[in-house]
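Residue strings, one per chain:
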Amino acid sequence: MRIGVIGGGAWGTALAQVAARGGAPVTLWAREPEVVESVNAAHANHHFLAGVPLSESIRATGDLADLASHDALLVVAPAQHVRAVLRAAPIGSTPLVLCAKGIEAGTRLLVGEVAHQAAPDAPIAVLSGPTFAHEVAAGKPTAVTLACEDEDLRSRLAERLAGPAFRTYGSADVIGAEIGGAVKNVLAIACGVVEGAGLGLNARAALIARGFAEMTRFGLARGGQAETLTGLSGLGDLVLTCSSTNSRNFSLGVGLGQGRSAVELMADRKTVAEGAFTAPVLREAAAEAGVDMPVTEAVNALLEGAAVQDVIGALLARPLREEAQ
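We now turn to the structure provided with this report. The model shown is predicted, which means the values in this text are computed figures rather than measured ones.

Quick notes on the rules
- Residues numbered from 1 in each chain as written.
- Predicted model: local features only at pLDDT ≥ 70, side-chain atom pairs only at ≥ 80, totals over all residues.
- Heavy atoms only, no water.
- 1 Å grid on protein atoms, 1.4 Å probe; cavity = no way out; pocket = protein on both sides within 12 Å on 5 of 7 lines; lining within 4 Å.
- Points joined across faces, edges and corners; volume = space filled by probe spheres on them.
- Helix = DSSP H or I, 4+ residues; strand = E, 2+ residues; numbered from the N terminus.
- Axes fitted to C-alpha atoms, helices over the stretch in contact; angles between N-to-C directions.
- Parallel < 35°, antiparallel > 145°, perpendicular 65-115°, else oblique.
- Left-handed = near helix turned anticlockwise from the far one by under 90°.
- Contact = heavy atoms within 4.5 Å.
- Expected span 1.5 Å × (residues − 1).
- Nonpolar A, V, L, I, M, F, W, Y, C, P; charged D, E, K, R; others polar.
- Polar contact = N/O pair within 3.5 Å; in protein donor to acceptor, adjacent residues only side chain to side chain.
- Salt bridge = Lys/Arg side-chain N within 4 Å of Asp/Glu carboxyl O.
- Buried < 20%, exposed > 50% of the residue type's maximum accessible area, 1.4 Å probe, protein only.
- Disulfide = S-S within 2.5 Å.
- Pairing = 2+ DSSP bridges.
- Right-handed = clockwise from strand over helix to strand, strands pointing away.

1. Structural notes on the layout of surface pockets
Space left empty within the atom packing is revealed by a probe, the size of a water molecule, rolled over the atoms.
Thinking step 1. The volume enclosed by the second largest pocket comes to roughly 670 Å³.
Thinking step 2. If you trace the second largest pocket, you find 23 residues lining it, with Leu-207, Arg-210, Val-295, Leu-315 and Leu-316 closest to the centre.
Thinking step 3. Mapped by element, the contributors of at least two residues to the lining of the second largest pocket are helix H7 (174-196), helix H8 (201-221), helix H14 (294-303) and helix H15 (308-316).
Thinking step 4. By residue number, the principal contributor to the lining of the second largest pocket is H8, which donates six residues.

See the structure below:
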């Protein structure tokens, strides 16, 4: 199975490295000419994944047409750009493995729903889980969910991507896998705020638990399965991104917790903190579904410029309730 990867950032490059295990040829499309040159000339992505030697069987390109005739495409473009990229790419009926995490602004569609509109003949799978790109590229042990409704395709993709240190667990619940990946980015910002404001580990643990309750409520309302949300693509990914400054979303939250503005923090970044774009869309989608998501509301308030202490005070002053609610 010949693999192409759409997106030359850290995560796309790491997945290209996974797919190139054993010298298998992989085509990596990158928007940035400097990434294409770096991968092809130096077998490294100095711009987004410095310090990690890449397989010589990875060939980078800036031309989407070079992805034609592949057996599967890993889509790792940021969620808000997936529609445009897929419309420009030669997809046809090529299976798409969606690796972006988020909800499209305006439509409130999950990435899989966007992909179905942009490439209606392409079978859809979702790869999600607790993954830091530099660890995956370095070959450190990692486990992910690979969700696809087609059992045969799911099995073939899982076997093609799996390796000694990259373990793929299959699931038929595409929606649940997507919900976990999208919501955890917003919750990671909230946990970063706790760290930046110096609120302590008790507060972070409580926020992870209550945030997971929000994720579960929203996921079930959108048709996901509880078992998926408690797995790698839900709880697993949430724990990872809510506990390390290696998470771009957590790092953004740390800055917010320290009193810096979202505008300032986003201007300083060369990589996307997807949770900042997902948060307002998630708030709209939750309201549409009638789901209460106070942590998500708090993150939106902070991104819009509210004072940290005011937002935290409002959360702590909420009426007491049963934990199962």
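Here the narrative resumes, following the displayed structure.
2. A closer look at the packing of H7 against H14
Thinking step 1. Running from N to C, H7 and H14 cross one another at 70°; their axes reach a closest spacing of 9 Å. Accordingly, the angle class assigned to the pair H7 and H14 is roughly perpendicular. The way H7 lies across H14 gives a crossing that is left-handed. Of the residues in H14, those touching H7 at Val-186, Leu-187, Ile-189, Ala-190 and Val-193 are Val-295, Thr-296, Val-299 and Leu-302.

3. Topic: helix H13 (residues 274-289)
Thinking step 1. Its 16 residues place the ends of H13 22 Å apart at the C-alpha level, agreeing with the 22 Å of an ideal helix rising 1.5 Å per residue.
Thinking step 2. Where H13 is buried, its residues touch H7, H8, helix H11 (248-257), helix H12 (262-267) and H14.
Thinking step 3. Positive phi shows up at Gly-290, right after H13, with a value of about 70°.

4. Brief notes about empty space enclosed by the protein
Thinking step 1. What the rule picks out here adds up to one cavity of 30 Å³ or more.
Thinking step 2. The volume enclosed by the largest cavity comes to roughly 50 Å³.
Thinking step 3. Around the largest cavity, the lining comprises 13 residues; the ones closest to its centre are Ala-100, Lys-101, Val-126, Ala-177 and Glu-178.
Thinking step 4. Those elements giving two or more residues to the lining of the largest cavity turn out to be strand E6 (124-128) and H7.
Thinking step 5. Of the residues forming the lining of the largest cavity, the biggest block, four residues, is contributed by H7.
Thinking step 6. Among the residues forming the lining of the largest cavity, the class breakdown is eight nonpolar, three polar and two charged.

5. Focus on the side chain of Thr-142
Thinking step 1. Its location among the elements puts Thr-142 in strand E7 (residues 142-148).
Thinking step 2. A polar contact of 3.1 Å, which involves the side chain of Thr-142, links it to the backbone oxygen of Lys-140.
Thinking step 3. Thr-142 has contacts with Pro-130, Thr-131, Val-136, Ala-165, Phe-166 and Arg-167, leaving out every residue within four places of it along the chain.

6. Quick word on the packing of H7 against H8
Thinking step 1. Contact geometry of H7 with H8 gives a least axis separation of 10 Å together with a crossing angle of 155°. By the angle between their directions, the pair H7 and H8 is classed as roughly antiparallel. Viewed along their axes, H7 and H8 form a crossing whose handedness is right-handed. Residues Ile-179, Gly-180, Val-183, Lys-184, Leu-187, Ala-190, Cys-191, Val-194 and Glu-195 of H7 form the contact with H8, whose participating residues are Ala-203, Arg-204, Leu-207, Ile-208, Gly-211, Phe-212, Glu-214, Met-215, Phe-218 and Gly-219.
Thinking step 2. Split into classes, the residues belonging to the contact of H7 with H8 amount to twelve nonpolar, three polar and four charged.

7. Looking at the pattern of salt bridges
Thinking step 1. Scanning the entire structure with this criterion turns up 13 salt bridges.
Thinking step 2. A salt bridge links Arg-108 to Glu-288, with the shortest nitrogen-to-oxygen separation between them at 3.0 Å. On the criterion of sequence distance, the pair formed by Arg-108 in the loop between strand E5 (96-98) and helix H4 (111-118) and Glu-288 in helix H13 is long-range, its members being 180 residues apart.
Thinking step 3. By relative accessible area, which is 58% here, Glu-288 ends up exposed.
Thinking step 4. Arg-321 is the salt-bridge partner of Asp-292, the closest N and O atoms lying 3.1 Å from each other. Here Asp-292, found in the loop between H13 and H14, pairs with Arg-321, found in the segment after H15; they are 29 residues apart in sequence, far enough to count as distant.

8. Re the state of the cysteines
Thinking step 1. Going through the model one piece at a time under the given rule, you end up with zero disulfides.
Thinking step 2. In this structure Cys-99 is not part of a disulfide, and its nearest cysteine sulfur, from Cys-148, lies 13 Å away.
Thinking step 3. Exposure remark for Cys-148: the relative accessible area of 2% places this residue in the buried category.

9. Description of the side chain of Arg-83
Thinking step 1. Within the element layout of this structure, Arg-83 appears in helix H3 (residues 82-88).
Thinking step 2. Sequence-distant contacts of Arg-83, defined by excluding residues within four places in its chain, comprise Glu-104, Thr-107, Leu-109, Val-114, Gln-117 and Ala-118.

10. Some words on the pairing of E7
Thinking step 1. Among the seven residues of E7, six are classified as buried, and the element is accordingly described as predominantly covered.
Thinking step 2. Examined bridge by bridge, E6 and E7 share four bridges and lie antiparallel to one another. Across the sheet, Leu-127 pairs through a bridge with Leu-146, a residue of E7.
Thinking step 3. In this structure, E7 lies alongside strand E8 (residues 166-171), joined through six bridges in parallel fashion. Of the residues in E8, the one forming a bridge with Ala-143 is Arg-167.
Thinking step 4. What joins E7 to E8 is helix H6 (residues 151-161), and the crossover it makes is right-handed.

In short, the description is geometric, and any link to function would need to be established separately.
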